[in-house]
Every structure is written in C-alpha cells, then in structure tokens.
Amino acid sequence: MTIADISLVDWSRAQFALTAIYHWIFVPLTLGLSVVMAIMESLYIITKNEEWKKITKFWMSLFAINFAIGAATGIILEFEFGTNWANYSWIVGDIFGAPLAIEGIMAFFLESTFIALMFFGWNKVGKKTHLLSTWLVTIGSTLSSWWILVANAWMNNPVGMKFNPDTARSEMLNFWEVAFSPFAIHKFLHTVTSGYVVAALFVVGISSWYLIKKRHKSFSLKSIAIGSIFGLVSSLFVVISGDSSTYQIAHKQPIKLAALEGVYKGSTNAPIVAIGLIKNNVPINETSNHFLFKIEFPNMLSQLAFKNKNAFVPGLFDLVYGNYLYGIDPVSKRMERGTIAMTALNSYKSAKSKMDTVQMSLSLKDFNENVKDLGYAYINNPLDVVPNVPLTFYSFHLMVGLGMYFIILFFVILIFVWLKWIVKIKLLLWLTVLTIPLGFIASELGWVVAEVGRQPWAIQDLLPVSKATSHINASNVQITFILFAVLFTILLLANIKILLTQIKQGPKD
Amino acid sequence: MSLLNKRLWLIVFIKLFIMFAILKLFLFKDFFKTNFDNDSKRSEYVIKTLTNK
C-alpha cells in the first residue's frame, strides 16, 4: 500500500478547494442578509412604517435568490468526503457525524420550515409571527454554520477524542469539548461576522448605486444607515474575533502563525509585519533577511499571540529545527515519535491477529505514548510541515488590510449620512459600489489563510492530506473538477444575473 | 406565482437533480461502501494505509 500519488492528492485538494470557494461565495451573503432583513422587519414592527416593510421585502427577495441558488452547494463537499477523502472520512467519522447531523437537522427543519413561512407568510400570518419566522431563519442559518465550523475547527485542533487502533477511528470522548472548544468558538465568531460584513457592503453598495441613479432615495438612505451601522459593528467584531483566533492559532498551530506573519526566526518582543514583500526561495535556515522590505510594529506579535509583549514567538526555523531553550522539539524528533507510533500500530495489529495479548499491551502502550505525533511518521522531509508561506502571508495581510478599509469606509459613510451629505458625494457612492466584491474577496482570503496555513495536515499533527485521500483514479477527479468548475460557474452567473435583474427593477411600491 | 419565484424553483430543482441523480449516482460513489462489505474490512484497509509510509 503506497501513499497516494501526488497528482491524485493535488487534484483532490484542488477539487475540494474549488467547491469550498464557490460555496463560500453564497453562504456569507445568506448569513449576513438574514440579519439585515430581520433588523429591518423589526424596525417595521416597532415604527409601524410601511416603508420598512417595502425595504425588508426587497432585501428578502435578494436573500431568496442567493439562498435558492446557493443552498445545498455544500452538500457536494460531503459527496467529496465519501469519494475522494475516504480515509479521512473514516478516521473522523465519529467526530464529524454528530456536528454534521445536527447541522443538517438545523438547516432542514429549523431554517427550511421558517423560510417557507417567511417568504410565503406575508399577509397570511400575524406580523409578529412573521417577524419571529424571520429571526428564526437568521438563528437557524447561524446555528447551522456553528456545526460546520466545529468540524473544521476540530481538523485544526483535534480535541475531545481518542484514536482507536482497533477500528482506526477517532472516537469522541467529550462532545462538549469538541463543540465548544475555544478554537471552535473563536473561529465561529470570526467567520460568521465576516459574512455579516459581506452582506453589509452588499446592502450599502446597492443602495449607493440607487442614489447615484437618483432612484429610491428614501429606501436607499434608510438601507445605507442600517447597513453601515451593521457593517461597522460587525467589522469591529471581526477584528476582535480575529485577534482571539490568532491567540488560539499561536498556541495550537504555531507554524500557521509563523507562516501568516512571515516569522522565520523566532524572537522575544516579536514585531508584527504590517506590510512586507517576501524574497523568493530563500531557505528557512538562511540567516539573512527574508524580506525585500517590511514595515513592522514592535512587540505587537508577542502581545497579540501571547498577551505578553516580551513573549517568545517561534519562527519557522525554530519550529522545523527545534529550539531547546523554549522547549520546541525539532520536526525530526516528532518524525521519530510518529514512526514509533506507526510501528506500534503495525505491531499491535500483528499481535492481535496472533492473539498475543502481551505484545498487544506493549504495542498499545508505545502507540498511546506517541500517537500525538502519528502524522509525522508520514513526513519525509522536516520542511514538508511548512505551508506555502507567501500565499498564507499575503492572503492574511490582504484580508486584514481590506478589513481595516471596511471599518474606515463604514465610519465615513455614517458620518456623511448623519451630516445628510451622502447623496452629494458621488465619489464615495461609487467607491461603495466597487467595494461590494472586496467583501467577498476578503472573506475568501480568510479561508485561504485557514486552509493553506494548516497544510500539510488534514488533521493537525495526526493525518497529513496525502494519507487522507482515497486511492482512486486521478483522472476521475480531474473530470469532476472540470464538471464542478463549469456547474458552479453557471450557478454563480445565474445568481449574479438574477440578482442584477432584481436590483435593476428595484423595490416594489 | 411570480416569474422570479418560478425561475428560482426551476433552478433549485435542476440543481438538486444534477447533484443527486447524476453526480451522486454516477460520479461520487462512496469509496468504502463500493469497495468493502463491512466495517471490519474498512478499518483494516485504513490501518494498512496508516501502517505504511
């Protein structure tokens, strides 16, 4: 049995990435627009102003389009688990089973039931019942995403489980530890609020377009006000949750932190790189500067990562080659322990087939003592544990830069709304329109950081991606990759076309 | 039913049909269910994968 060949692994990876990227175009807008329309409908009930009902129904129609076209695109990811990632699915089955089942129940029962009431229940149910339905759709879709993010968080920080060498499955020991791990909580808060920012930019951008075209002025001003407040609050929350996520990454995935911050050699009082250009192909163990240029803020990385400006932040060099002063084992040592675990697993299997209980016990002891580094047994070169540093670094910094821009943009818009000047500043309105896609880009970049930064691991330290794939024909994966690229592009174009048609028609009187 | 609603329902049905009746049936067969009869054989396969470099 050999490791899956590289082209199969890369095509499987590419296919999953393609599916996830397309899926994540639809999802954040659904998450965020659900909150926007719930807020607007609440204002309708509170103010009894029929204009808020008109506004709510318009944004609800855009929500409906995005939801209808985007819904269930995530199911293809589950298909891929079963076909392309069979080993991975088997190993994590007992962990993923519960969260994904709950996610399905939330989505299909809670969301779907109340979505029907929300879309078709106007004038059929009472106003407060309808409002409740809208909020339950919001809560349902948010809670759905919780469980998916719990599963993803577990990949990056596998807690609450024990690997069973008899069944080769990770068995859940503590559901609450999995469901409410700090890693999962902060990932959820950061991911969901980033979706809120996407939707806020969408609402503000489209409303700005109406103002440019001198259409639906009252509708647009109200939508911009709500969208900007929602966007500003969400953006600030994204920053706070991003900070707390970074703290988690520093402790659980230090090599991801080193990659996204471009830390090659560790130091105390570590600075944060605000902007930088990395030199190409400079080895990690090269002592000279790895940057062509950089602008740093002193002490900030130590402060953010460890809440102590004097703390040591390990770099890629320390994490690969070790730093005994700070208790960091070199990867080569972890490879040795991983190999012991792998050998022990083999020995346990063999002893079990011969009913040799003494050898089984000895092998199991060796396995349990070294299982936390099992994944390193399959690493051939210590440098293989380093993710793509430029991709992770630039994605992270671009995402953060865009996030800061969004905060300033929402703040400026709110100032001009308050001064009643917003209609006159065409440049700002156009800027807002053009910023709509940047929200999506920033959100996707976050996933690039999360998923590229965790390479080569499918399960951090336990299972590399190369061991997670099924041994299928690479050409099958290539065919489905092309098929998905076509199918999802058609769906996306249909989504954009129908959205634009609806936007051009505008809110109904 | 409005034209928009009709269009959306059509897209939903076509999408779900393609996903479940074509992709799932023909292109996304579950690797373990297709190749192994029972869980014991599946776990044996995974252990073999994990005990080989």
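Think of each chain on its own: its residues are numbered from 1, step by step along the sequence as written. Here every chain gets a letter starting at A, and every ligand a number starting at 1, in the order they are written. Where local features are concerned, this predicted model is filtered to residues with pLDDT of at least 70; where side-chain atom pairs are given and counted, the filter is 80 or more; whole-chain, interface and lining totals use all residues. The basis for every side-chain value is the complete set of heavy atoms in the structure, and neither hydrogens nor water enter the calculation.

**With respect to the overall build of chain A**
Cut-off, in case you're wondering: Each helix is a run of H or I in the DSSP string that is no shorter than four residues. Each strand is a run of E no shorter than two, and both are numbered from the N terminus. Atoms counted for the radius of gyration: C-alpha only. Globule rule: 2.2 Å times residue count to the power 0.38. Buried, partly exposed and exposed residues are distinguished by accessible area as a fraction of the type maximum, computed with a 1.4 Å probe on protein chains only: under 20%, between the cut-offs, and over 50%, respectively. Areas reported here follow the Shrake-Rupley algorithm with a probe of radius 1.4 Å; residue values treat only the protein chains shown as occluding. When charges are tallied, Lys and Arg are placed among the positive residues and Asp and Glu among the negative ones, while His and the ends of the chain are skipped. Lys charges are placed at NZ, Arg charges at CZ, Asp charges at CG and Glu charges at CD.
The helix and strand inventory of chain A stands at 17 helices and 8 strands. Computed over the C-alpha atoms, the radius of gyration of chain A is 25 Å, within 12% of the 23 Å expected from 2.2 N^0.38 for a compact globule of 509 residues. In terms of principal-axis extent, the alpha carbons of chain A reach across some 80 × 50 × 40 Å. Taking all 509 residues of chain A together, 56% fall into the buried category. Total accessible area on chain A stands at roughly 21,400 Å², and carbon and sulfur atoms take up 69% of it. Charge separation in chain A, taken as the distance between the mean sites of 39 positive and 29 negative side-chain charges, equals 14 Å.

**A word on the overall build of chain B**
What chain B contains, in helices and strands, is 3 helices and 0 strands. A compact globule built from 53 residues would reach a C-alpha radius of gyration of about 10 Å, whereas chain B, at 20 Å, exceeds it by more than 25%. Principal axes of the C-alpha set define a box for chain B whose edges measure 60 × 25 × 15 Å. Counting all 53 residues of chain B, 36% fall into the buried class. Surface summary for chain B: the accessible area is close to 3,400 Å², and the carbon and sulfur share equals 64%. Counting 10 positive and 4 negative side-chain charges, chain B places the averaged centre of each group 15 Å from the other.

**Digging into the interface of chain A and chain B**
It is common to report an interface's size as the accessible area lost on association of the parts. To keep things clear, this is the line we draw: The contact criterion used throughout is that any non-hydrogen atoms of two residues lie within 4.5 Å. Note on definitions: buried area is the accessible-area loss of two parts on being combined, 1.4 Å probe, summed for both. Within 3.5 Å is the distance limit for a polar contact, defined as a pair of N or O atoms, with the added protein rule that one can donate a hydrogen and the other accept it, and that residues adjacent in sequence qualify only through two side-chain atoms. Classification used: nonpolar for Ala, Val, Leu, Ile, Met, Phe, Trp, Tyr, Cys and Pro, charged for Asp, Glu, Lys and Arg, polar for all others including Gly.
Residue-level contacts link 48 residues of chain A with 31 residues of chain B. Summing both partners gives a buried area of about 3,600 Å² for chain A against chain B, and 75% of it is carried by carbon and sulfur. Summed over the shared surface of chain A and chain B, the result is 11 residue pairs in polar contact (both at pLDDT 80 or more). Those elements that place two or more of their residues in the side of chain A that touches chain B are helix H2 (50-70), helix H3 (75-83), helix H4 (86-120), helix H12 (331-353) and helix H17 (474-505) of chain A. Of all the elements, H17 of chain A adds the most residues to the side of chain A that touches chain B, at 8 residues. Here the residues of the side of chain A that touches chain B sort into 31 nonpolar, 13 polar and 4 charged.

**Some words on the packing of helix H1 (residues 6-47) of chain A against helix H15 (residues 426-453) of chain A**
All names here are of chain A. Where we set the bar: In this description, a line fitted to the C-alpha atoms serves as the axis of each element, helices being fitted only across the stretch in contact, and the angle between N-to-C directions of two axes falls anywhere from 0 to 180 degrees. Here roughly perpendicular refers to angles of 65 to 115 degrees, roughly parallel to angles under 35, roughly antiparallel to angles over 145, and oblique to all remaining angles. Handedness of a crossing is defined here by the sense of rotation of the near helix relative to the far one, left-handed for an anticlockwise turn of less than a right angle and right-handed for a clockwise turn.
Between H1 and H15, whose axes approach to 10 Å, the crossing angle comes to 125°. With respect to each other, H1 and H15 are oriented oblique. H1 and H15 meet at a crossing whose hand is right-handed. Here H1 contributes Ile21, Trp24, Ile25, Pro28 and Leu29 to the contact with H15, which in turn contributes Phe440, Ser443, Glu444 and Trp447. Counted by class, the contact of H1 with H15 contains 7 nonpolar, 1 polar and 1 charged residues.

**Overview of H4 of chain A**
Selection criterion: Helix span is expected to be 1.5 Å times the residue number reduced by one. Note on bend: the value at a residue is the angle between axes fitted to the seven residues ending there and to the seven starting there.
Helix length check: H4 of chain A (35 residues) gives 41 Å between terminal C-alpha atoms against 51 Å at 1.5 Å per residue, more than 12% under. Helix geometry: H4 of chain A is bent most strongly at Gly93 of chain A, by close to 75°.

**Considerations on the nonpolar core**
Residues and elements named next belong to chain A. Just so we agree on the cut-off: Joining through side-chain atoms within 4.5 Å is the link that ties buried Ala, Val, Leu, Ile, Met, Phe, Trp, Tyr and Cys residues into a set, and such a set is a nonpolar core.
If you look at the biggest cluster of nonpolar residues, it comprises 172 residues, and the most contacted ones within it are Leu33, Trp59, Leu62, Tyr88, Phe96, Phe202 and Val385. With 17 residues, the single largest contributor to this core is helix H7 (residues 182-212). The contacts of Leu33, once residues within four sequence positions are left out, are Trp59, Leu62, Phe63, Ala199, Phe202 and Val203.

**Observations concerning helix H5 (residues 127-156) of chain A**
Here H5 of chain A spans 44 Å end to end across 30 residues, near enough to the 44 Å set by a 1.5 Å rise per residue. Among the 30 residues of H5 of chain A, 22 are classified as buried, and the element is accordingly described as predominantly covered.

**Quick word on a nonpolar patch on the surface**
Residues and elements named next belong to chain A. In plain terms, the rule: Patch membership requires more than 30% relative accessible area and the absence of a salt bridge. Residues of like charge join within 9 Å; the nonpolar side chains Val, Leu, Ile, Met, Phe, Trp and Tyr join within 5 Å. Salt bridge, as used here: a side-chain nitrogen of Lys or Arg that lies within 4 Å of a carboxyl oxygen of Asp or Glu.
Among the surface-exposed residues, Ile275, Leu277, Leu292, Phe293, Ile295 and Tyr394 lie close enough to one another that they form a single nonpolar patch of about 540 Å² accessible area. For the nonpolar patch, the secondary-structure elements that each account for two or more residues are strand E4 (272-278) and strand E5 (291-297). With 3 residues, E5 is the largest single contributor of residues to the nonpolar patch. Position of Leu292 among the secondary structure elements: in strand E5.

**Brief notes about the confidence of the model for chain B**
The following threshold applies: Each residue gets a pLDDT score, which is the predictor's confidence in that residue and runs from 0 to 100.
On average, residues of chain B score 87 in pLDDT, and 98% of them are at 70 or above. Within chain B, the lowest mean pLDDT, 86, falls on helix H1 (residues 3-27) of chain B, and the highest, 92, falls on helix H3 (residues 39-50) of chain B.

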